[in-house]
Amino acid sequence: MLNILNLIRWKNLIMIALVQLLIKYVFLEPFGVQTTLDGLGISLLILATVCIAAAGNIINDIYDIETDLVNKPNKVIIDKSISEKTAYNLFIGLNLVGVGLGFYVSHMVGRAPFFSIFVVISILLYVYASFLKRMLLVGNIVISVLVALSLIIVAVFELIPAMTPSNQSTQVVFFKVVFDYALFAFSINLLREIAKDIEDIDGDYKTGMYTLPIAIGRERAKNILTVLSFIPLVGIIFYVVSDLYKQPVAVGYFLLFIIGPLIYTSIKTFSASTKKDMHHISNMYKLVMLLGMLSLLLYKYVILS
């Protein structure tokens, strides 16, 4: 059972579920925004998202067996603890459950075409694992878009079906905030993907991948990552200065838990020289993303004060 949990990356799935719950119960509900999903509805939406994400993690590991044997031999699960056939059956089963639940939730909110979102995500995860991740930056961008979609999908199902001419402006304001968080998730995940590519350059090279560090060299890729890391940093600083300057608690949180770690990670990237350093940087980006999402807890105080 533990091997299956590790195969589907249970910690990442919990993070997805947590963020979706935060958007629903911490960001939308406290302000009396018109929403569509009840407790059962949001639970099914989260389960659908988590099942499809879990399936994506499995198919990624199936295609990455050869690469992972070089990059992280101690963490390989498929063909060691779980057979490839069992993993593939799990992949199919989780996709069917995820897409099936997506179909049900789409009809629950009276928006049948929304079902196509789950189908597209499921297909993209398969195409990413089998093809796109071998292409220069394309795979990095696609997987980062899918991470962002895990946030946007909550706003799509909660806000759009409940939109009326009288509440449209309010719904749009809250949708834009969720979109901003999705943009943050996209940018941080993209940085993390590049950091992971630098970390995994040896195995990726042996299996014919064409990642950024393979294309231009580890050192140049590291320098580009350092420069790119300042883009979300500048964006967040601008947001704090323009929107939160009257909220000392929010300013303190962003400085201490988001801006500070991002500056640290940028400096660490510039001086990184080993595989272990890049692994640490990858984990730091993951932590920054989590802390960024937890800042949703502040909105009750920022907006209502």
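One can find the structure itself at the top, above this paragraph.
Residues numbered from 1 in each chain as written. Predicted model: local features only at pLDDT ≥ 70, side-chain atom pairs only at ≥ 80, totals over all residues. Heavy atoms only, no water.

Caption draft 1: Focus on the pattern of salt bridges. Applying the stated rule across the entire model yields eight salt bridges. Residues arginine 9 and aspartate 61 are paired through a salt bridge, measuring 2.8 Å at the closest nitrogen-oxygen approach. In this pair, arginine 9 is assigned in the loop between helix H1 (2-7) and helix H2 (10-28) and aspartate 61 in helix H3 (residues 39-63), connecting sequence segments 52 residues apart. The class of arginine 9 is partly exposed, set by a relative accessible area of 24%. (Salt bridge = Lys/Arg side-chain N within 4 Å of Asp/Glu carboxyl O. Helix = DSSP H or I, 4+ residues; strand = E, 2+ residues; numbered from the N terminus. Buried < 20%, exposed > 50% of the residue type's maximum accessible area, 1.4 Å probe, protein only.)

Caption draft 2: Seen up close, the packing of H3 against helix H7 (residues 138-159). With their axes 11 Å apart at the nearest point, H3 and H7 run at an angle of 150° to one another. Comparing their axes, H7 and H3 come out roughly antiparallel. Relative to H7, the crossing made by H3 is right-handed. Contacts between H3 and H7 involve Ile42, Leu45 and Thr49 from the former and Ser150, Ile153, Val154, Phe157 and Glu158 from the latter. For the contact of H3 with H7, the residue count by class is five nonpolar, two polar and one charged. (Axes fitted to C-alpha atoms, helices over the stretch in contact; angles between N-to-C directions. Parallel < 35°, antiparallel > 145°, perpendicular 65-115°, else oblique. Left-handed = near helix turned anticlockwise from the far one by under 90°. Contact = heavy atoms within 4.5 Å. Nonpolar A, V, L, I, M, F, W, Y, C, P; charged D, E, K, R; others polar.)

Caption draft 3: Fine view of the environment of lysine 286. Considering the arrangement of structural elements, one finds lysine 286 in helix H14 (residues 275-294). The sequence separation of lysine 286 and valine 97 amounts to 189 residues, and the corresponding C-alpha distance is 27 Å. Apart from the residues lying within four places of it in its own chain, the contact partners of lysine 286 are Asn12, Met15 and Arg192.

Caption draft 4: Broad picture of a nonpolar patch on the surface. Residues Leu40, Tyr104 and Met108 make up a contiguous nonpolar surface patch of about 300 Å² in total accessible area. Mapped onto the fold, leucine 40 is located in helix H3. (Patch = residues over 30% accessible without salt bridge, like charges linked within 9 Å, V, L, I, M, F, W, Y side chains within 5 Å. Areas by Shrake-Rupley, 256 points an atom, 1.4 Å probe, with all protein chains shown as cover.)

Caption draft 5: Quick peek at the packing of aromatic side chains. Under the definition given, this model contains 14 aromatic pairs. Their ring planes at 65° and their centres at 5.2 Å tell us that phenylalanine 114 and phenylalanine 157 sit as a pair that is edge-to-face. With phenylalanine 114 in the loop between helix H5 (84-108) and helix H6 (115-130) and phenylalanine 157 in helix H7, the pair connects residues that are 43 residues apart, well separated along the chain. For the pair phenylalanine 114 and phenylalanine 157, one class covers both residues: buried. Three or more aromatic residues joined by ring pairs make a cluster, and in this case those are Phe27, Phe31, Phe174, Tyr181 and Tyr299. Note that lysine 24 overlies the ring of tyrosine 25, its terminal NZ or CZ placed 5.7 Å from the centroid. (Phe/Tyr/Trp six-rings, centres within 6.5 Å; stacked < 30°, edge-to-face > 60°. Lys NZ or Arg CZ within 6 Å of the ring centre and 35° of its normal.)

Caption draft 6: Highlighting H6. Counted at 1.5 Å a residue, the expected span for H6 with its 16 residues is 22 Å, and the 24 Å between its end C-alpha atoms agrees. Within the sequence span of H6, burial applies to Phe118, Ile121, Ser122, Leu125, Tyr128 and Ala129. Mapping the buried residues of H6 onto a view down its axis gives an arc of 130°, with all of them on the same face. (Expected span 1.5 Å × (residues − 1). Arc of directions from axis to C-beta.)

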